Amino acid sequence: MSLLEVRALEVHYGGIRAVKGIDLDVEPGELVCLIGANGAGKSSMLRAICGLVHGVRGSVRYAGEEISGLAVHERPRRGLVMVPEGRGIFPQLTVAENLAIGAYARRDPDVRDDLERTYRLFARLAERRTQTGGTLSGGEQQMLAIGRALMSRPRLLLLDEPSMGLAPLMVAKILATVREIARQGVTILLVEQNAKLALEIASRGYVMESGAITLAADAASLLADPRVREAYLGEGAA
Amino acid sequence: MDIFLQQVINGLTLGAVYAVVALGYTMVYGIIQLINFAHGEVVMIGAMVALTVINALAKSGLSPVTVVLAGTGCAIPVCMLVGYAMERLAYRPLRRAPRLAPLITAIGVSIILQHLALLVWSRNVLAFPQIVDLRVFHVAGARISNVQLAIIVVCVAMMAGLAVLVYRTRLGAAMRATAQNPQVAGLMGIDIDRVIAATFAIGAALAAVAGVMVGTYYGVAQYTMGSILGLKAFSAAVLGGIGNVPGAMLGGVLMGVVEALGAGYIGSFTDLCRYGWLARLIGERCADGGHFVLFGSNYQDVFAFAVLILVLVLRPSGLLGERVGERA
């Protein structure tokens, strides 16, 4: 059974159909990426899965349960957590408070261990735990956003453009961390404009164009596909 | 008697109450960017409920402190219910509406609450039963009563309690997170509807206690008492920086002191006989230590609003309000 099963998903903004009937599956343990140009509807789809947009049609099943009617805050309680585009850290809360908010839905005693694990994963955050989120650099904020999501012990982590606005070195670092998180057993759906790096760490990929999935294959074949190479990897057709 | 010190003491008493009421405005604004104009009416309902209970128990033989506590104990849950109900029924359905809609609704809620109070408690000025024996202490030429002391102590304790709640608890962290980014707060598993409702209820509980204190201090209560008090507390919140919790505390206390000093000195400053050439012009009314006062202490309400206007012109974000711009 798929962990996430999206069927015929449509997102309407006013009269505009931003997502036009998408089918997408994520199996437990996979790192799946969704690539596509700006405005292809990638973020709309993630926001629809999280219940942040209205005008959604179709079905979203998570762990066998239809979740499209649930309130936004019910999803993280089931282990479905998103790191939103633009990071969405709380600028006036300290790093430690941001991370504590990540564990908001949890009541178990392991929160402290997870906090230490997060600080081990992102040593920079440990150094800055009493600083407010707004004072961090872009890369540190992205680490904080990912760390905060990990604090909720996700089963399925949705990452919306984690490399956006970061320096190349930091992009590589963040994506390496994403791969490390996947290796630790968290299922990940990664939305990225940086197609090359995303496909290099993913096992499977979807290509989205103007609201629809145009290609779906394992990551290696997508990396080799001339259409992908031309459109997303900046190479002329061979 | 030292007028300056005396007015500072009076101002601190009043300011402590303003601060507690201002917290209700600023917390609600911080979390949903709504100026809840009905908040002053919650203070009034708190005073009215307490007055009713205290009147009923005044001759019961219970100690005065017990009676006042019983009145407060009834006012708090009633006001929390009113605060919760206004959020649930009036503001929540408008969460996605343009900002003007909830603002106008707030004015409507304020009118409704006033007129409900009018139906229940009549239009008369009601005397708050004076069951507490007034004792006055002399400090460096000024007087401070046990009631004033109690008001200051209770307000400081409530503000400290609120600061602990906002900065040290799970609910407080959820409130601050929701204020900064409600959408992401939801994504982190925070039920923002509940957090917003809790914010209204907490603000209303503070307002209830403020209502009891104002009623006890002035000895009267009337269904209209909430509007001016509410506007002054709102001005105090703007002075401190609306949306900012420490700002509301600071703004409230400053507002009280400014108002008390203003009321204390406006008479002598606008006494035209003080100014030689004007005194000569006025002539015999100024002779033998006479006075020609333009504005008396009944103009004290002017100061709060003068401060409001000055803040809006000179520093719209308020004293501690540099945070307003950051909220996206």
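Reading the values: the criteria
- Residues numbered from 1 in each chain as written.
- Chains lettered and ligands numbered in written order.
- Predicted model: local features only at pLDDT ≥ 70, side-chain atom pairs only at ≥ 80, totals over all residues.
- Axes fitted to C-alpha atoms, helices over the stretch in contact; angles between N-to-C directions.
- Helix = DSSP H or I, 4+ residues; strand = E, 2+ residues; numbered from the N terminus.
- Parallel < 35°, antiparallel > 145°, perpendicular 65-115°, else oblique.
- Left-handed = near helix turned anticlockwise from the far one by under 90°.
- Contact = placed C-beta atoms within 7 Å.
- Nonpolar A, V, L, I, M, F, W, Y, C, P; charged D, E, K, R; others polar.
- Buried ≥ 20, exposed ≤ 12 C-beta atoms within 10 Å, placed from the backbone.
- Pairing = 2+ DSSP bridges.
- Right-handed = clockwise from strand over helix to strand, strands pointing away.

A.B. asks: Give me the lowdown on the packing of helix H9 (residues 225-240) of chain B against helix H10 (residues 245-269) of chain B, citing residues and values where you can.
C.D. replies: Residues and elements named next belong to chain B. The interhelical angle for the contact between H9 and H10, taken along N-to-C directions, is 120°, at an axis separation of 7 Å. Taken together, H9 and H10 sit at an angle that is classed as oblique. Crossing angle aside, the handedness with which H9 passes H10 is right-handed. Between H9 and H10, the contacting residues are Lys232, Ala233, Ser235, Ala236, Ala237, Leu239 and Gly240 on the first element and Gly247, Ala248, Leu250, Gly251, Gly252, Leu254 and Met255 on the second. For the contact of H9 with H10, the residue count by class is eight nonpolar, five polar and one charged.

A.B. asks: Talk me through the pairing of strand E7 (residues 156-160) of chain A; I want residue IDs and the actual numbers.
C.D. replies: All names here are of chain A. Taking burial as the measure, the five residues of E7 include five buried ones, the bulk of the element. The side-chain alternation of E7 yields two buried faces, one formed by Leu156, Leu158 and Asp160 and the other by Leu157 and Leu159. Pairing geometry for strand E6 (residues 80-83) and E7, over four bridges, is parallel. Bridge assignment links Val83 to a residue of E7, and that residue is Leu159. A crossover connection joins E7 to the parallel strand E8 (residues 187-192) through helix H7 (residues 168-183); in handedness this β-α-β unit is right-handed.

A.B. asks: Outline the interface of chain B and chain A, listing residues and values.
C.D. replies: Taken together, the contacts link 16 residues of chain B with 21 residues of chain A. Within the residue set of the side of chain B that touches chain A, elements represented by two or more residues are helix H6 (170-180) and helix H7 (182-187) of chain B. Residue contributions to the side of chain B that touches chain A peak at five residues, all from H6 of chain B. In the side of chain B that touches chain A, the residues fall into seven nonpolar, five polar and four charged.

A.B. asks: I'd love a proper account of the sheet that holds E7 of chain A, names of residues and values included.
C.D. replies: Residue and element names in this part refer to chain A. Taken together, six strands build an open sheet; the order of strands is E6-E7-E8-E3-E9-E10 and the sheet is mixed. Strands at the two margins of the open sheet, each flanked by one partner only, are E6 and strand E10 (212-218). For this sheet, the mean angle separating the axes of adjacent strands, direction not counted, is 15°. Strand direction decides the pairing type here: strand E3 (residues 31-36) and strand E9 (residues 204-209), joined by five bridges, are parallel. Residue pairing across strands places Leu34 opposite Tyr206, the latter belonging to E9.

A.B. asks: Describe in detail the environment of Val53 of chain B, supporting the description with residues and values.
C.D. replies: Residues and elements named next belong to chain B. Within the secondary structure, Val53 is located in helix H2 (residues 39-57). Spatially, the C-alpha atoms of Val53 and Gly318 are 39 Å apart, while their sequence positions differ by 265 residues. Apart from residues no more than four positions distant in its own chain, Val53 is found in contact with Ala70, Gly71 and Cys74.

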